[in-house]
Amino acid sequence: MPEFTLPAPLLQAIRRHLSAGQPLTLAIDGCSAAGKTTLARGLQEKYGCPVFHTDDFFLQAHQRTPQRLSQPGGNMDQERFLQEVLLPLSRGEDVTFRRFDCGAMALTPPVTVPYAPFQVVEGTYCLHPEKAQQFFHRWIPLEQLYFQQLHPDARCDLILEDPV
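Residues numbered from 1 in each chain as written. Predicted model: local features only at pLDDT ≥ 70, side-chain atom pairs only at ≥ 80, totals over all residues. Heavy atoms only, no water.

**Here's the deal with the side chain of Q119**
- Take Q119: it is sitting in strand β7 (residues 118–122).
- A polar atom in the side chain of Q119 sits 2.4 Å from the side chain of T25.
- Residues contacting Q119, with those up to four places away along its chain left out, are L24, T25, L26, C49, P50, F52 and L89. (Helix = DSSP H or I, 4+ residues; strand = E, 2+ residues; numbered from the N terminus. Polar contact = N/O pair within 3.5 Å; in protein donor to acceptor, adjacent residues only side chain to side chain. Contact = heavy atoms within 4.5 Å.)

**Section: the pattern of salt bridges**
- A full pass over the atoms with the stated rule returns 6 salt bridges.
- Among the salt bridges present, the one from R99 reaches D56, with a minimum N-O distance of 3.3 Å. Residue R99 is found in the loop between β3 (95–97) and β4 (100–101), and its partner D56 is found in the loop between β2 (51–53) and α3 (66–69); the two are separated by 43 residues along the sequence.
- On the accessibility criterion, R99 (34% relative accessible area) is partly exposed.
- For E84, the salt bridge goes to R80, with nearest N and O atoms at 3.2 Å. Residue E84 and its partner R80 are both found in helix α4 (residues 78–90); the two are separated by 4 residues, about one turn of the helix.
- The exposure class assigned to E84 is buried, which follows from its relative accessible area of 10%.
- Each of the salt bridges in this network shares a partner with another, and the network as a whole consists of D77, R80, E84 and R98. (Salt bridge = Lys/Arg side-chain N within 4 Å of Asp/Glu carboxyl O. Buried < 20%, exposed > 50% of the residue type's maximum accessible area, 1.4 Å probe, protein only.)

**Considering unusual backbone geometry**
- A positive phi is found at M105, a non-glycine position, where the angle reads about 55°.
- On the secondary structure map, M105 appears in the loop between β4 and β5 (106–107).
- Overall, M105 belongs to the partly exposed group, its relative accessible area being 36%.

**Details of the packing of helix α1 (residues 8–19) against helix α2 (residues 36–47)**
- Packing of α1 against α2 brings their axes to within 13 Å, and their N-to-C directions diverge by 45°. In terms of axis orientation, α1 runs oblique to α2. Between α1 and α2 the crossing geometry is right-handed. Residue-level inspection shows L10, L11, I14 and L18 of α1 in contact with α2, the latter providing L39, L43, K46 and Y47. (Axes fitted to C-alpha atoms, helices over the stretch in contact; angles between N-to-C directions. Parallel < 35°, antiparallel > 145°, perpendicular 65-115°, else oblique. Left-handed = near helix turned anticlockwise from the far one by under 90°.)

**A closer look at the packing of aromatic side chains**
- One pass over the full model with this rule turns up 4 aromatic pairs.
- Measuring from ring centre to ring centre gives 4.9 Å for F57 and F81, while their planes differ by 75°; the resulting arrangement is edge-to-face. One end of the pair, F57, is in the loop between β2 and α3; the other, F81, is in helix α4, with 24 residues separating them in the sequence.
- Taking the relative accessible area as the measure of exposure, F57 reaches 0% and is therefore buried.
- Among the aromatic residues, those joined into a cluster by ring pairs are F52, F57, F81 and F97. (Phe/Tyr/Trp six-rings, centres within 6.5 Å; stacked < 30°, edge-to-face > 60°.)

What follows is the structure, given as structure tokens:
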């Protein structure tokens, strides 16, 4: 497996932000298998920053209504992510959240992550071999709808294109 190198433009942008003494929440969004988790892990190793995975915020069974799942990005519990992660980060507070366990279809006990001036939010859908059909027929179309209708790239300060 080739060695992963953090992109220089990203490191420069992080350095600028941190040297100015500004808190930074870096959001990594993109298609499945694009390297979001790998990038987040590399940043965590380099900076010691906490990483929050949106996979931990899948909807619970009672939230999975046809109306909700027809919305772009609707398979994520955006309300819980906002309350448990984004709002505390915006106030400079520790984050206490509950991960969604896909195997148990339930929330885990709360974990607390101390506040840091630099943190990463990594958005991804996971692919498990036994769930491949559901992944390809349900989650990928929802992901495509999200990118087509909400244009998250329009709200980015830096976009790293896949060199392949």
